[in-house]
Amino acid sequence: MRLLLPVALLATTLAITPVRFDREKVVRVKPQDENQVSILKDLAKTSELDFWYPDATDHVAANMTVDFRVHGKEFQSIQSVLDQNKMHYEILIHDLQEEIEKQFDVEEAIPGRHSYAKYNNWDKIVAWTEKMVDKHPEMVSRIKIGSTFEDNPLYVLKVGKEDGRRKAIFMDCGIHAQEWISPAFCQWFVYQATKSYGKNKIMTKLLDRMNFYVLPVFNVDGYIWSWTQNRMWKKNRSKNHNSKCIGTDLNRNFNVSWNSSPNTDDPCQDTYRGPAPESEKETKAVADFIRSHLKSIRAYISFHSYSQMLLFPYGYTLKLPPNHEDLAKVARIGTDVLSTRYETQYIYGPIASTVYPTSGSSLDWAYDLGIKHTFAFELRDKGRFGFLLPESRIKSTCKETMLAVKFIAKYILKHTS
């Protein structure tokens, strides 16, 4: 409990009670034209709407599927606006608090043993990183690459046989705190990689010839907060100058077209980009680590949720990168391979045209730095559970994603110099 103690003490001192979401709903609307788009945008100004997809009102467009969370007491007035304007809507989640509690639908198999079928809090993940190093000292090492705003450690696990000159892939999970399926995948990846070495031909070849740098939780402070105080928290927990609003969206804080989106300069928004590029300790630590290993890193893969997509650059422009055809080919085959396990359908493409334009993202930054194969997975599902994917879906999500990641790694090994 050592790492959670400051938060626990703070909670006791200030008598903070965790946020509850009783009777809150998640609604899906598909605006048919510009008029309906502006109705939704107006609603967002007058009501407290939390946009799940897209992540900000600026990105709402005609014929786009839009998911947002709404307070129970506001639902009726929003419902009547939608009805009056003949806007078709669907209630994805009727009671958010119930759905949050239902997430934990897997029994702990053996108390004390790390479970890959359950969501694990930060303390359990830290203990797990130590255990992986103890269990596989010849293959796993733990590197502290920096610390967070609240002074929690940022750990990268290096997985592979010892040799600094080999090709490497950098992978991160949990840049957005509420996307719990993401850190679950990073744990699964390390576990499966070490477990199947010497047994699975592809994995053995990859670990003999490549290194994987795996950051299991990028946004540690936010992740802890999503467990202890607010399940829907997204940003980190840094204080903002001249604002009571806390936190920066770490995936808008990278030094690439950082100030090009007008909706990212408000500290009270979930997409706040921070006061400057790499202003956040977490972003700076990751950027410094990648820069110092640039000679060996051939691919960068970031894991998010939700919407079942495999994305690649660019997000800040509709211009296609020089190796667009290569990236599209890898993504196409990767999504095909992923679907072979459970027939889960993913779409793929450049961020800006496949989802919506973004600025300051880690993917674009890594690409422009010189890593020419950068991808972001938006893991399950397509909105029925959104950020609250039940534990009973963790294993199947991880198993299918593993197939795609192994394919990408094999491709990088063969096709990059």
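Structure: see above.
Attention in this report is confined to the structure presented alongside it. Numbering of residues starts from 1 in each chain and follows the order in which that chain's sequence is written. pLDDT decides what is reported in this predicted model: residues at 70 or higher carry local features, side-chain atom pairs at 80 or more are listed and counted, and totals for whole chains, interfaces and linings draw on all residues regardless. Remark: hydrogens and water are excluded; side-chain values derive from all non-hydrogen atoms of the structure.

1. Points about the pairing of strand β12 (residues 373-379)
- Summary of the burial criterion: residues with accessible area below 20% of their type's maximum are buried, those above 50% are exposed, and those between are partly exposed, where the area comes from a 1.4 Å probe applied to protein chains only. In this text, helices come from DSSP runs of H or I with a minimum length of four residues, and strands from runs of E with a minimum of two, each type numbered from the N-terminal end. Burial of β12 is extensive: seven of the seven residues sit out of reach of the surface.
- Taking every second residue as pointing to the same face, both faces of β12 are buried, with His 373, Phe 375, Phe 377 and Leu 379 on one and Thr 374, Ala 376 and Glu 378 on the other.
- When DSSP locates at least two bridges between a pair of strands, those strands are taken to pair. Bridge analysis of strand β9 (residues 297-305) against β12 gives seven bridges, and the strand direction is parallel. Considered in β12, the bridge of Tyr 300 is made with Thr 374.
- Bridging between strand β10 (residues 309-312) and β12 involves three bridges; their strand directions are antiparallel. What sits directly across from Leu 310, in β12, is Phe 377.

2. Points about the packing of helix α6 (residues 181-196) against helix α7 (residues 201-209)
- Helix axes use the C-alpha atoms of the stretch in contact, all axes being lines fitted to C-alpha atoms, and the angles between their N-to-C directions lie in the range 0 to 180 degrees. Axis separation between α6 and α7 bottoms out at 9 Å; the angle between their running directions is 100 degrees. Between α6 and α7, the angle is such that the two are roughly perpendicular. Along its contact with α6, which presents Phe 189, Ala 193 and Ser 196, the element α7 presents Met 203, Thr 204 and Leu 207.
- Under this grouping Gly is polar, as are all residues other than the nonpolar Ala, Val, Leu, Ile, Met, Phe, Trp, Tyr, Cys and Pro and the charged Asp, Glu, Lys and Arg. Here the residues of the contact of α6 with α7 sort into four nonpolar, two polar and no charged. Note on terminology: angles under 35 degrees are roughly parallel, angles over 145 are roughly antiparallel, angles of 65 to 115 are roughly perpendicular, and the others are oblique. Should any heavy atoms of two residues lie within 4.5 Å, those residues are considered in contact.

3. Some thoughts on the layout of surface pockets
- The way it works is a 1 Å grid over only the protein atoms, where trapped points that fit a 1.4 Å probe form a cavity and open points with protein on both sides within 12 Å along at least five of seven lines form a pocket, and then any residue with an atom within 4 Å of a point lines it. Grid points are joined across faces, edges and corners, and a volume is the space filled by probe spheres set on the points. Computed from the structure, the largest pocket encloses a volume of approximately 960 Å³.
- Around the largest pocket sit 37 residues that line it, and Leu 49, Asp 50, Arg 69, Cys 268 and Asp 270 are the ones nearest its centre.
- Contributions of two or more residues to the lining of the largest pocket are made by α2 (34-46), β2 (49-53) and β3 (66-70).
- Considered class by class, the residues forming the lining of the largest pocket number 15 nonpolar, eight polar and 14 charged.

4. Concerning the sheet that holds β9
- Pairing is mixed across the open sheet formed by eight strands, whose spatial order is β5-β6-β8-β7-β9-β12-β10-β11. Of all the strands in the sheet, the pair left with one neighbour each is β5 (140-147) and β11 (347-350). Each neighbouring strand pair of the sheet contributes to a mean axis angle of 20 degrees, computed without reference to strand direction.
- Sheet analysis places β10 next to β11, joined by four bridges and oriented parallel. The residue bridging Met 309 from the neighbouring strand is Ile 347, located in β11.
- Along the sheet, α6 contacts β5, β6 (153-159), β7 (167-173), β8 (210-215), β9 and β12; its crossing angle with β7, the most-contacted strand, is approximately 145 degrees.
- Against the sheet, α7 makes contact with β6, β7 and β8, and its axis sits at roughly 90 degrees relative to β8, the strand it touches most.

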